[in-house]
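Residue-level listing of the chains:
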Amino acid sequence: MSKLHFTDDHEWIRLEGDVATVGITDYAQEQLGDVVFVELPEAGTALEKGKEAATVESVKAASEIYAPLDGEVTEANAALADDPAKVNSDPQGEGWFFKMTLADSSQLDSLMDEAAYKAFVETL
Amino acid sequence: MSDTADDLKQTPLHGLHLELGGRMVPFAGYAMPVQYPAGIMAEHQQTRSAAGLFDVSHMGQVTLSDGGDGSAAAAALEALVPADVQGLAPGRSRYSFFTNDAGGILDDLMITRRPDGLFLVVNAACKDADLAHLQAGLAGKAEVRMDETAGLLALQGPAAAAVLSRLAPEVAEMSFMTQIEVVLEGAPCRVSRSGYTGEDGYEIAVPGAAAEALARRLLAEPEVEAIGLGARDSLRLEAGLCLYGHDIDATTTPVEAGLTWAIQKRRREEGGFPGAEVIQRQLAEGPARRRVGLRPEGRAPVREGAELQDGQGAVVGRVTSGGFGPSVGAPVAMGYLEAGLAAPETAVTALVRGRELPCRVAKLPFAPHRYHRG
(Lines give C-alpha, C1' and ligand atoms only; values in the text may rest on other atoms or scores of the structure.)
Protein backbone atom coordinates (compact mmCIF):
# COMPACT_ATOMS: atom_id res chain seq x y z
CA MET A 1 0.00 0.00 0.00
CA SER A 2 1.50 3.27 -1.11
CA LYS A 3 1.77 6.05 1.40
CA LEU A 4 -0.76 8.88 1.54
CA HIS A 5 0.25 12.48 2.01
CA PHE A 6 -2.09 15.33 2.99
CA THR A 7 -2.18 19.11 2.69
CA ASP A 8 -3.84 21.54 5.06
CA ASP A 9 -6.13 22.42 2.14
CA HIS A 10 -7.61 18.93 2.58
CA GLU A 11 -6.09 17.27 -0.45
CA TRP A 12 -4.59 13.79 -0.47
CA ILE A 13 -1.65 12.70 -2.62
CA ARG A 14 -0.79 9.08 -3.33
CA LEU A 15 2.64 8.53 -4.90
CA GLU A 16 2.99 5.44 -7.08
CA GLY A 17 6.34 5.33 -8.85
CA ASP A 18 6.87 8.78 -10.37
CA VAL A 19 3.22 9.67 -10.54
CA ALA A 20 1.12 11.24 -7.79
CA THR A 21 -2.66 10.90 -7.73
CA VAL A 22 -4.44 13.89 -6.17
CA GLY A 23 -7.92 14.22 -4.72
CA ILE A 24 -9.78 15.81 -1.84
CA THR A 25 -10.33 14.23 1.55
CA ASP A 26 -13.51 12.92 3.07
CA TYR A 27 -13.51 15.94 5.38
CA ALA A 28 -13.36 18.25 2.35
CA GLN A 29 -16.20 16.58 0.48
CA GLU A 30 -18.28 16.64 3.64
CA GLN A 31 -17.69 20.38 3.98
CA LEU A 32 -18.43 21.07 0.31
CA GLY A 33 -21.66 19.10 0.19
CA ASP A 34 -23.14 17.61 -2.96
CA VAL A 35 -20.65 18.05 -5.80
CA VAL A 36 -22.32 18.83 -9.13
CA PHE A 37 -19.34 19.72 -11.34
CA VAL A 38 -15.57 19.45 -11.30
CA GLU A 39 -13.35 21.46 -13.63
CA LEU A 40 -10.04 19.64 -14.00
CA PRO A 41 -6.72 20.63 -15.57
CA GLU A 42 -5.84 19.01 -18.90
CA ALA A 43 -2.93 16.63 -19.31
CA GLY A 44 0.22 18.67 -19.89
CA THR A 45 -0.81 21.55 -17.62
CA ALA A 46 2.10 22.78 -15.52
CA LEU A 47 1.13 23.09 -11.87
CA GLU A 48 2.71 25.31 -9.28
CA LYS A 49 2.36 24.44 -5.62
CA GLY A 50 -0.32 26.55 -3.97
CA LYS A 51 -1.73 27.85 -7.26
CA GLU A 52 -5.20 27.07 -8.54
CA ALA A 53 -5.39 23.64 -10.21
CA ALA A 54 -9.07 22.69 -10.32
CA THR A 55 -12.51 23.96 -9.33
CA VAL A 56 -15.14 21.94 -7.57
CA GLU A 57 -18.74 23.14 -7.64
CA SER A 58 -21.31 22.10 -5.08
CA VAL A 59 -24.98 23.04 -5.29
CA LYS A 60 -24.17 26.10 -3.22
CA ALA A 61 -20.74 27.36 -4.25
CA ALA A 62 -17.58 27.02 -6.30
CA SER A 63 -14.34 26.17 -4.48
CA GLU A 64 -10.79 26.29 -5.81
CA ILE A 65 -8.51 23.31 -5.45
CA TYR A 66 -4.82 24.22 -5.22
CA ALA A 67 -1.89 22.26 -6.62
CA PRO A 68 -0.32 20.41 -3.67
CA LEU A 69 3.09 20.25 -5.38
CA ASP A 70 4.99 21.54 -8.42
CA GLY A 71 4.72 19.29 -11.45
CA GLU A 72 2.80 18.46 -14.59
CA VAL A 73 -0.65 16.92 -15.02
CA THR A 74 -0.56 13.54 -16.77
CA GLU A 75 -4.23 12.63 -16.59
CA ALA A 76 -7.54 14.05 -15.34
CA ASN A 77 -10.28 11.80 -14.00
CA ALA A 78 -12.67 11.78 -16.98
CA ALA A 79 -15.28 9.82 -14.99
CA LEU A 80 -16.05 12.93 -12.93
CA ALA A 81 -17.53 14.68 -15.98
CA ASP A 82 -20.52 12.33 -16.01
CA ASP A 83 -20.62 11.50 -12.33
CA PRO A 84 -19.21 14.29 -10.19
CA ALA A 85 -20.99 12.78 -7.16
CA LYS A 86 -18.15 10.23 -7.01
CA VAL A 87 -16.26 12.95 -5.16
CA ASN A 88 -18.82 12.61 -2.36
CA SER A 89 -19.29 8.85 -2.41
CA ASP A 90 -15.64 7.80 -2.78
CA PRO A 91 -13.37 10.83 -2.34
CA GLN A 92 -10.18 8.86 -1.72
CA GLY A 93 -10.91 6.26 -4.43
CA GLU A 94 -12.96 6.71 -7.62
CA GLY A 95 -13.39 10.40 -6.85
CA TRP A 96 -9.73 11.25 -7.53
CA PHE A 97 -9.11 14.50 -9.46
CA PHE A 98 -5.88 14.21 -11.46
CA LYS A 99 -2.51 12.52 -11.70
CA MET A 100 0.74 14.48 -11.89
CA THR A 101 4.46 14.07 -12.11
CA LEU A 102 6.51 15.79 -9.42
CA ALA A 103 9.13 18.41 -10.23
CA ASP A 104 10.69 18.06 -6.80
CA SER A 105 9.77 15.00 -4.75
CA SER A 106 11.36 16.55 -1.65
CA GLN A 107 8.25 18.78 -1.50
CA LEU A 108 6.43 15.71 -0.20
CA ASP A 109 8.34 16.09 3.05
CA SER A 110 6.40 19.26 3.85
CA LEU A 111 3.07 17.41 3.73
CA MET A 112 1.29 15.59 6.54
CA ASP A 113 0.99 11.85 6.91
CA GLU A 114 -2.37 10.28 7.68
CA ALA A 115 -1.98 10.45 11.47
CA ALA A 116 -0.92 14.10 11.37
CA TYR A 117 -3.81 14.97 9.03
CA LYS A 118 -6.30 13.23 11.31
CA ALA A 119 -4.97 15.22 14.25
CA PHE A 120 -5.18 18.41 12.16
CA VAL A 121 -8.83 17.78 11.24
CA GLU A 122 -9.69 17.24 14.88
CA THR A 123 -8.50 20.77 15.66
CA LEU A 124 -10.99 22.28 13.16
CA MET B 1 -17.24 31.09 11.97
CA SER B 2 -16.51 30.54 15.67
CA ASP B 3 -15.05 34.01 16.21
CA THR B 4 -18.29 35.70 15.20
CA ALA B 5 -20.74 33.13 16.55
CA ASP B 6 -21.19 35.10 19.77
CA ASP B 7 -22.47 38.11 17.88
CA LEU B 8 -25.08 36.18 15.97
CA LYS B 9 -28.72 36.19 16.92
CA GLN B 10 -30.52 32.90 17.36
CA THR B 11 -34.01 31.91 16.30
CA PRO B 12 -36.37 30.09 18.69
CA LEU B 13 -35.37 26.86 16.90
CA HIS B 14 -31.62 27.21 17.48
CA GLY B 15 -31.36 24.29 19.88
CA LEU B 16 -33.40 22.10 17.57
CA HIS B 17 -31.13 22.91 14.61
CA LEU B 18 -28.09 21.84 16.62
CA GLU B 19 -29.83 18.67 17.77
CA LEU B 20 -30.70 17.83 14.15
CA GLY B 21 -27.07 18.28 13.07
CA GLY B 22 -27.67 21.52 11.19
CA ARG B 23 -24.55 23.17 9.82
CA MET B 24 -24.90 26.66 11.20
CA VAL B 25 -23.69 29.65 9.21
CA PRO B 26 -24.04 33.40 9.69
CA PHE B 27 -26.93 34.79 7.64
CA ALA B 28 -28.33 38.31 8.00
CA GLY B 29 -26.99 38.50 11.55
CA TYR B 30 -28.45 35.15 12.59
CA ALA B 31 -26.95 31.70 13.06
CA MET B 32 -28.95 29.67 10.54
CA PRO B 33 -28.72 26.08 9.27
CA VAL B 34 -27.43 26.01 5.68
CA GLN B 35 -28.08 22.27 5.59
CA TYR B 36 -28.65 19.21 7.75
CA PRO B 37 -26.79 15.90 7.40
CA ALA B 38 -28.98 14.80 4.45
CA GLY B 39 -27.43 17.56 2.33
CA ILE B 40 -28.82 20.22 0.00
CA MET B 41 -29.62 17.88 -2.88
CA ALA B 42 -31.63 15.46 -0.73
CA GLU B 43 -33.34 18.31 1.14
CA HIS B 44 -34.34 19.93 -2.15
CA GLN B 45 -35.81 16.69 -3.49
CA GLN B 46 -37.55 16.03 -0.17
CA THR B 47 -39.38 19.35 -0.50
CA ARG B 48 -40.39 18.72 -4.11
CA SER B 49 -41.54 15.15 -3.43
CA ALA B 50 -43.06 15.27 0.09
CA ALA B 51 -42.63 18.13 2.55
CA GLY B 52 -39.89 20.26 4.05
CA LEU B 53 -39.91 22.36 7.20
CA PHE B 54 -37.94 25.61 7.07
CA ASP B 55 -37.08 27.94 9.93
CA VAL B 56 -37.56 31.46 8.61
CA SER B 57 -37.84 33.09 12.02
CA HIS B 58 -35.05 35.48 11.07
CA MET B 59 -37.47 37.34 8.79
CA GLY B 60 -39.16 40.45 10.12
CA GLN B 61 -42.79 40.23 11.23
CA VAL B 62 -44.34 43.68 11.38
CA THR B 63 -47.83 44.69 12.46
CA LEU B 64 -49.42 47.98 11.38
CA SER B 65 -52.41 49.12 13.40
CA ASP B 66 -54.48 52.25 13.06
CA GLY B 67 -56.86 51.79 15.98
CA GLY B 68 -59.62 50.96 13.49
CA ASP B 69 -60.27 48.37 10.83
CA GLY B 70 -56.94 48.79 9.09
CA SER B 71 -58.18 50.88 6.20
CA ALA B 72 -56.24 53.95 7.33
CA ALA B 73 -53.06 51.88 7.64
CA ALA B 74 -53.72 50.39 4.19
CA ALA B 75 -54.12 53.83 2.64
CA ALA B 76 -50.97 55.07 4.39
CA LEU B 77 -48.87 52.07 3.32
CA GLU B 78 -49.69 52.81 -0.32
CA ALA B 79 -47.36 55.81 -0.05
CA LEU B 80 -44.45 53.36 0.29
CA VAL B 81 -45.41 50.42 -1.97
CA PRO B 82 -47.01 50.17 -5.43
CA ALA B 83 -49.46 47.41 -4.44
CA ASP B 84 -53.20 48.00 -4.19
CA VAL B 85 -53.28 47.58 -0.41
CA GLN B 86 -56.68 49.23 0.03
CA GLY B 87 -58.19 46.67 -2.30
CA LEU B 88 -56.92 43.79 -0.21
CA ALA B 89 -59.76 42.01 1.62
CA PRO B 90 -59.17 40.82 5.22
CA GLY B 91 -57.37 37.49 5.22
CA ARG B 92 -55.79 38.03 1.81
CA SER B 93 -52.12 38.58 1.04
CA ARG B 94 -50.17 40.31 -1.67
CA TYR B 95 -46.51 40.31 -2.68
CA SER B 96 -45.05 43.81 -2.91
CA PHE B 97 -41.91 45.91 -2.51
CA PHE B 98 -40.81 49.16 -0.97
CA THR B 99 -39.60 51.41 -3.80
CA ASN B 100 -37.23 54.38 -3.77
CA ASP B 101 -37.50 57.62 -5.71
CA ALA B 102 -35.61 56.11 -8.65
CA GLY B 103 -38.08 53.25 -8.85
CA GLY B 104 -35.55 50.84 -7.32
CA ILE B 105 -36.50 48.19 -4.78
CA LEU B 106 -35.58 48.73 -1.11
CA ASP B 107 -36.96 45.34 -0.05
CA ASP B 108 -39.66 42.92 -1.09
CA LEU B 109 -42.36 41.85 1.32
CA MET B 110 -45.67 40.11 1.91
CA ILE B 111 -48.63 42.23 2.95
CA THR B 112 -51.67 40.65 4.58
CA ARG B 113 -54.81 42.56 5.48
CA ARG B 114 -56.05 41.76 8.97
CA PRO B 115 -59.47 42.76 10.39
CA ASP B 116 -57.63 45.34 12.52
CA GLY B 117 -54.62 46.30 10.47
CA LEU B 118 -51.88 44.88 8.29
CA PHE B 119 -49.34 42.12 8.83
CA LEU B 120 -46.07 42.36 6.90
CA VAL B 121 -43.22 39.90 6.48
CA VAL B 122 -39.95 41.47 5.33
CA ASN B 123 -36.43 40.19 4.67
CA ALA B 124 -34.12 39.59 7.63
CA ALA B 125 -31.24 41.60 6.17
CA CYS B 126 -33.49 44.62 5.58
CA LYS B 127 -35.78 44.47 8.57
CA ASP B 128 -34.20 47.21 10.69
CA ALA B 129 -34.12 49.58 7.73
CA ASP B 130 -37.68 48.60 6.79
CA LEU B 131 -38.89 49.29 10.33
CA ALA B 132 -37.33 52.78 10.28
CA HIS B 133 -38.74 53.39 6.79
CA LEU B 134 -42.23 52.36 7.91
CA GLN B 135 -42.09 54.39 11.10
CA ALA B 136 -41.04 57.50 9.19
CA GLY B 137 -43.51 56.93 6.35
CA LEU B 138 -46.51 56.08 8.51
CA ALA B 139 -45.86 58.52 11.38
CA GLY B 140 -49.17 59.75 12.76
CA LYS B 141 -51.15 57.34 10.58
CA ALA B 142 -50.41 53.89 11.95
CA GLU B 143 -48.53 52.25 14.77
CA VAL B 144 -45.66 50.11 13.49
CA ARG B 145 -44.51 47.21 15.63
CA MET B 146 -41.94 44.53 14.83
CA ASP B 147 -42.17 41.30 16.80
CA GLU B 148 -38.56 40.28 17.47
CA THR B 149 -39.44 37.15 19.42
CA ALA B 150 -41.95 35.40 17.18
CA GLY B 151 -41.12 32.33 15.15
CA LEU B 152 -41.88 31.81 11.48
CA LEU B 153 -41.97 28.31 10.00
CA ALA B 154 -42.52 27.34 6.38
CA LEU B 155 -43.97 23.94 5.57
CA GLN B 156 -43.57 23.37 1.84
CA GLY B 157 -44.20 20.58 -0.59
CA PRO B 158 -46.96 18.44 -2.08
CA ALA B 159 -47.61 16.75 1.28
CA ALA B 160 -47.78 20.02 3.24
CA ALA B 161 -51.58 20.30 3.15
CA ALA B 162 -52.13 16.70 4.27
CA VAL B 163 -49.65 17.16 7.12
CA LEU B 164 -50.90 20.49 8.45
CA SER B 165 -54.55 19.38 8.15
CA ARG B 166 -53.85 16.76 10.80
CA LEU B 167 -53.25 19.61 13.25
CA ALA B 168 -55.97 21.92 11.91
CA PRO B 169 -58.37 20.57 9.26
CA GLU B 170 -59.42 24.07 8.17
CA VAL B 171 -56.07 24.77 6.48
CA ALA B 172 -56.83 22.23 3.73
CA GLU B 173 -59.34 24.52 2.03
CA MET B 174 -57.24 27.67 2.11
CA SER B 175 -56.33 29.20 -1.25
CA PHE B 176 -52.91 30.46 -2.25
CA MET B 177 -52.18 33.89 -0.73
CA THR B 178 -54.76 33.76 2.05
CA GLN B 179 -54.17 33.79 5.79
CA ILE B 180 -56.19 32.55 8.76
CA GLU B 181 -55.73 32.43 12.50
CA VAL B 182 -55.51 28.88 13.80
CA VAL B 183 -54.52 27.25 17.07
CA LEU B 184 -51.70 24.76 16.40
CA GLU B 185 -50.40 22.62 19.27
CA GLY B 186 -52.17 24.97 21.67
CA ALA B 187 -50.55 28.12 20.28
CA PRO B 188 -52.35 30.91 18.38
CA CYS B 189 -50.78 31.02 14.92
CA ARG B 190 -51.24 32.92 11.67
CA VAL B 191 -51.17 30.43 8.84
CA SER B 192 -50.66 31.66 5.26
CA ARG B 193 -50.91 29.50 2.17
CA SER B 194 -47.73 30.78 0.57
CA GLY B 195 -44.04 30.11 0.34
CA TYR B 196 -40.76 30.50 -1.47
CA THR B 197 -40.24 27.14 -3.15
CA GLY B 198 -42.80 27.07 -5.98
CA GLU B 199 -44.57 24.25 -4.14
CA ASP B 200 -47.89 24.27 -2.32
CA GLY B 201 -47.41 24.98 1.35
CA TYR B 202 -47.82 27.24 4.34
CA GLU B 203 -45.98 29.89 6.26
CA ILE B 204 -46.81 29.82 9.96
CA ALA B 205 -46.26 32.73 12.33
CA VAL B 206 -46.05 31.21 15.80
CA PRO B 207 -45.24 32.71 19.22
CA GLY B 208 -41.53 32.20 19.88
CA ALA B 209 -42.12 30.14 23.00
CA ALA B 210 -44.30 27.69 21.06
CA ALA B 211 -42.18 27.47 17.91
CA GLU B 212 -40.02 24.53 18.89
CA ALA B 213 -42.93 22.36 20.03
CA LEU B 214 -44.75 23.04 16.77
CA ALA B 215 -41.62 22.31 14.71
CA ARG B 216 -41.11 19.03 16.57
CA ARG B 217 -44.74 18.06 16.03
CA LEU B 218 -44.45 18.71 12.27
CA LEU B 219 -41.10 16.91 12.01
CA ALA B 220 -42.67 13.89 13.69
CA GLU B 221 -44.94 13.45 10.66
CA PRO B 222 -43.52 10.85 8.28
CA GLU B 223 -43.57 13.15 5.22
CA VAL B 224 -41.61 16.00 6.83
CA GLU B 225 -37.87 16.67 7.10
CA ALA B 226 -35.98 19.78 8.20
CA ILE B 227 -34.60 21.83 5.31
CA GLY B 228 -31.78 24.39 5.43
CA LEU B 229 -31.07 27.65 3.66
CA GLY B 230 -29.08 25.93 0.91
CA ALA B 231 -32.08 24.05 -0.43
CA ARG B 232 -34.30 27.07 0.20
CA ASP B 233 -32.09 28.92 -2.28
CA SER B 234 -32.03 26.17 -4.93
CA LEU B 235 -35.80 25.71 -4.62
CA ARG B 236 -36.60 29.41 -5.04
CA LEU B 237 -34.12 29.71 -7.92
CA GLU B 238 -35.81 26.85 -9.80
CA ALA B 239 -39.15 28.54 -9.04
CA GLY B 240 -37.83 31.77 -10.62
CA LEU B 241 -38.38 33.75 -7.41
CA CYS B 242 -36.21 36.77 -6.67
CA LEU B 243 -33.77 36.92 -3.79
CA TYR B 244 -33.44 40.44 -2.43
CA GLY B 245 -29.91 41.83 -2.62
CA HIS B 246 -29.17 39.57 -5.58
CA ASP B 247 -31.91 39.52 -8.24
CA ILE B 248 -33.50 42.74 -7.06
CA ASP B 249 -32.06 45.69 -5.17
CA ALA B 250 -32.14 49.48 -4.95
CA THR B 251 -30.82 49.73 -8.53
CA THR B 252 -33.38 47.43 -10.20
CA THR B 253 -36.96 48.48 -10.85
CA PRO B 254 -39.98 46.17 -10.63
CA VAL B 255 -40.46 46.57 -14.39
CA GLU B 256 -36.90 45.45 -15.14
CA ALA B 257 -37.33 42.59 -12.68
CA GLY B 258 -40.52 41.34 -14.34
CA LEU B 259 -42.60 42.01 -11.25
CA THR B 260 -45.20 44.30 -12.82
CA TRP B 261 -47.89 41.71 -12.01
CA ALA B 262 -47.50 42.92 -8.42
CA ILE B 263 -48.47 46.50 -9.36
CA GLN B 264 -52.24 46.49 -9.65
CA LYS B 265 -54.10 48.53 -12.23
CA ARG B 266 -55.25 51.35 -9.97
CA ARG B 267 -51.72 51.98 -8.72
CA ARG B 268 -50.25 51.92 -12.25
CA GLU B 269 -52.70 54.61 -13.25
CA GLU B 270 -52.68 56.72 -10.10
CA GLY B 271 -49.05 56.36 -9.04
CA GLY B 272 -48.52 57.88 -5.60
CA PHE B 273 -45.64 55.62 -4.55
CA PRO B 274 -41.89 56.41 -4.57
CA GLY B 275 -40.44 56.28 -8.08
CA ALA B 276 -43.87 56.18 -9.72
CA GLU B 277 -42.78 58.38 -12.65
CA VAL B 278 -39.87 56.06 -13.50
CA ILE B 279 -41.98 52.94 -13.16
CA GLN B 280 -44.90 54.37 -15.14
CA ARG B 281 -42.54 55.43 -17.92
CA GLN B 282 -40.96 51.97 -18.03
CA LEU B 283 -44.41 50.38 -18.09
CA ALA B 284 -45.33 52.53 -21.08
CA GLU B 285 -42.06 52.39 -23.02
CA GLY B 286 -40.53 49.14 -21.83
CA PRO B 287 -37.40 48.87 -19.70
CA ALA B 288 -33.85 48.93 -21.10
CA ARG B 289 -33.05 45.59 -19.48
CA ARG B 290 -35.02 42.64 -18.18
CA ARG B 291 -34.58 39.85 -15.68
CA VAL B 292 -34.40 36.53 -17.50
CA GLY B 293 -33.87 32.86 -16.80
CA LEU B 294 -30.69 31.31 -18.18
CA ARG B 295 -29.86 27.70 -18.97
CA PRO B 296 -26.10 27.13 -19.28
CA GLU B 297 -25.12 24.34 -21.66
CA GLY B 298 -23.22 21.49 -20.05
CA ARG B 299 -22.94 20.88 -16.32
CA ALA B 300 -20.89 23.82 -15.07
CA PRO B 301 -22.96 26.17 -12.91
CA VAL B 302 -22.90 29.87 -13.79
CA ARG B 303 -23.05 31.90 -10.62
CA GLU B 304 -23.87 35.39 -9.40
CA GLY B 305 -21.61 38.07 -10.84
CA ALA B 306 -20.77 36.32 -14.11
CA GLU B 307 -20.80 38.73 -17.05
CA LEU B 308 -23.02 37.97 -20.02
CA GLN B 309 -21.87 38.71 -23.56
CA ASP B 310 -23.52 38.67 -26.94
CA GLY B 311 -22.09 36.96 -30.06
CA GLN B 312 -19.78 39.93 -30.69
CA GLY B 313 -18.27 39.83 -27.21
CA ALA B 314 -20.02 42.96 -25.96
CA VAL B 315 -21.14 42.90 -22.32
CA VAL B 316 -24.94 42.77 -22.39
CA GLY B 317 -25.80 41.73 -18.87
CA ARG B 318 -24.91 40.00 -15.64
CA VAL B 319 -25.95 36.90 -13.70
CA THR B 320 -27.63 37.68 -10.37
CA SER B 321 -28.34 34.13 -9.09
CA GLY B 322 -27.05 30.84 -10.33
CA GLY B 323 -26.34 27.32 -9.30
CA PHE B 324 -27.33 23.76 -9.91
CA GLY B 325 -31.04 22.96 -10.09
CA PRO B 326 -31.50 19.56 -8.46
CA SER B 327 -35.00 19.07 -9.92
CA VAL B 328 -33.97 20.36 -13.34
CA GLY B 329 -30.87 18.16 -13.20
CA ALA B 330 -28.75 20.89 -14.72
CA PRO B 331 -27.37 24.32 -13.93
CA VAL B 332 -29.88 27.19 -13.87
CA ALA B 333 -29.42 30.91 -13.41
CA MET B 334 -31.17 34.27 -13.48
CA GLY B 335 -29.78 37.60 -14.53
CA TYR B 336 -30.38 40.82 -16.39
CA LEU B 337 -30.01 41.22 -20.15
CA GLU B 338 -30.54 44.12 -22.53
CA ALA B 339 -34.24 44.04 -23.37
CA GLY B 340 -33.61 43.18 -27.03
CA LEU B 341 -31.87 39.95 -25.97
CA ALA B 342 -34.42 38.85 -23.37
CA ALA B 343 -36.54 36.58 -25.58
CA PRO B 344 -36.44 32.85 -24.72
CA GLU B 345 -33.88 30.81 -26.67
CA THR B 346 -31.62 33.81 -27.30
CA ALA B 347 -28.00 32.65 -27.17
CA VAL B 348 -25.59 34.50 -24.89
CA THR B 349 -22.23 33.68 -23.35
CA ALA B 350 -21.40 33.69 -19.65
CA LEU B 351 -17.83 34.32 -18.55
CA VAL B 352 -16.83 31.81 -15.87
CA ARG B 353 -13.21 31.73 -14.71
CA GLY B 354 -12.12 33.29 -17.98
CA ARG B 355 -13.94 30.72 -20.08
CA GLU B 356 -16.93 31.37 -22.29
CA LEU B 357 -19.89 29.19 -21.40
CA PRO B 358 -22.80 29.20 -23.86
CA CYS B 359 -26.23 29.84 -22.31
CA ARG B 360 -29.76 30.23 -23.60
CA VAL B 361 -32.41 32.54 -22.26
CA ALA B 362 -35.09 30.37 -20.69
CA LYS B 363 -38.67 30.93 -19.54
CA LEU B 364 -39.16 31.19 -15.79
CA PRO B 365 -39.90 29.27 -13.68
CA PHE B 366 -37.55 26.36 -14.34
CA ALA B 367 -39.70 24.11 -12.13
CA PRO B 368 -43.48 24.60 -12.51
CA HIS B 369 -45.32 26.34 -9.68
CA ARG B 370 -47.74 24.05 -7.92
CA TYR B 371 -49.65 26.55 -5.80
CA HIS B 372 -53.08 25.66 -4.44
CA ARG B 373 -55.28 28.22 -6.13
CA GLY B 374 -58.42 26.72 -4.58
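It should be noted that the structure appears before, not after, this text.
We now turn to the structure provided with this report. In this text, all values refer to a predicted model and were calculated from it rather than measured experimentally. (Residues numbered from 1 in each chain as written. Chains lettered and ligands numbered in written order. Predicted model: local features only at pLDDT ≥ 70, side-chain atom pairs only at ≥ 80, totals over all residues. Heavy atoms only, no water.)

Describing the state of the cysteines
Residue and element names in this part refer to chain B. Applying the stated criterion to the full structure yields zero disulfides over all chains. There is no disulfide at Cys-242, and the cysteine sulfur nearest it, in Cys-126, is 13 Å away. We note that Cys-359 lacks a disulfide partner, and the nearest cysteine sulfur, in Cys-242, lies 18 Å from it. (Disulfide = S-S within 2.5 Å.)

Some thoughts on the pairing of strand E5 (residues 93-99) of chain B
Here is the key point about a regular strand: its side chains alternate between the two faces of the sheet. Residue and element names in this part refer to chain B. The element E5 is extensively covered by neighbouring structure, given that six of its seven residues are classed as buried. Examined bridge by bridge, E5 and strand E6 (residues 105-114) share seven bridges and lie antiparallel to one another. Bridging from a neighbouring strand, Phe-97 pairs with Asp-108 of E6. Counting the residues between successive antiparallel strands, the hairpin from E5 to E6 contains five residues, one of them, Gly-103, with a positive phi of roughly 85°. (Buried < 20%, exposed > 50% of the residue type's maximum accessible area, 1.4 Å probe, protein only. Helix = DSSP H or I, 4+ residues; strand = E, 2+ residues; numbered from the N terminus. Pairing = 2+ DSSP bridges.)

Thoughts on the interface of chain B and chain A
Taken together, the contact between chain B and chain A spans 18 residues of the former and 18 residues of the latter. Overall, the association of chain B and chain A removes approximately 1500 Å² of surface from exposure, summing both partners, and the carbon and sulfur fraction of that is 48%. Taken as a group, Arg-299, Arg-303 and Arg-353 of chain B account for 42% of the area that chain B buries against chain A, more than any other trio of residues on that side. One salt bridge connects Glu-39 of chain A with Arg-353 of chain B, and the closest N-O pair in it is separated by 3.0 Å. At the surface where chain B touches chain A, the tally comes to 14 residue pairs in polar contact (both at pLDDT 80 or more). A breakdown of the residues in the side of chain B that touches chain A according to their chemical character gives seven nonpolar, five polar and six charged. (Contact = heavy atoms within 4.5 Å. Buried area = accessible area lost by both parts, 1.4 Å probe. Salt bridge = Lys/Arg side-chain N within 4 Å of Asp/Glu carboxyl O. Polar contact = N/O pair within 3.5 Å; in protein donor to acceptor, adjacent residues only side chain to side chain. Nonpolar A, V, L, I, M, F, W, Y, C, P; charged D, E, K, R; others polar.)

Considerations on the sheet that holds strand E4 (residues 60-65) of chain B
Residue and element names in this part refer to chain B. Pairing is antiparallel across the open sheet formed by five strands, whose spatial order is E5-E6-E7-E4-E8. With partners counted over all chains shown, the strands left at the sheet margins are E5 and strand E8 (143-146), one partner each. Each strand of the sheet is rotated relative to its neighbour by a mean of 30°, with strand direction disregarded. Note: E6 against strand E7 (residues 117-122), six bridges, orientation antiparallel. (Axes fitted to C-alpha atoms, helices over the stretch in contact; angles between N-to-C directions.)

A look at the packing of helix H5 (residues 160-167) of chain B against helix H6 (residues 208-219) of chain B
Working note: a packed helix pair is described by the angle between its axes plus the distance between those axes. Residues and elements named next belong to chain B. Contact geometry of H5 with H6 gives a least axis separation of 10 Å together with a crossing angle of 125°. Compared by their axis directions, H5 and H6 come out oblique. Between H5 and H6 lies a crossing of right-handed hand. In this structure, H5 contributes Val-163, Leu-164 and Leu-167 to the contact, and H6 contributes Leu-214, Arg-217 and Leu-218. Tallied by class, the residues present in the contact of H5 with H6 amount to five nonpolar, no polar and one charged. (Parallel < 35°, antiparallel > 145°, perpendicular 65-115°, else oblique. Left-handed = near helix turned anticlockwise from the far one by under 90°.)

Overview of the environment of Val-22 of chain A
All names here are of chain A. On the secondary structure map, Val-22 appears in strand E3 (residues 19-24). Val-22 sits in the buried class, given a relative accessible area of 1%. Measuring from C-alpha to C-alpha, the distance between Val-22 and Ser-89 comes to 16 Å, with 67 residues separating the pair along the chain. In contact with Val-22, not counting residues within four places along its chain, are Glu-11, Trp-12, Ile-13, Pro-68, Trp-96, Phe-97, Phe-98 and Met-100.

Examining the pairing of E7 of chain B
Residue and element names in this part refer to chain B. Of all six residues in E7, six are buried, a share of seventy percent or more. Pairing geometry for E4 and E7, over six bridges, is antiparallel. Paired with Val-62 across the strands is Leu-120, a residue of E7. Connecting E6 to the antiparallel partner E7 that follows it, the hairpin turn spans two residues.

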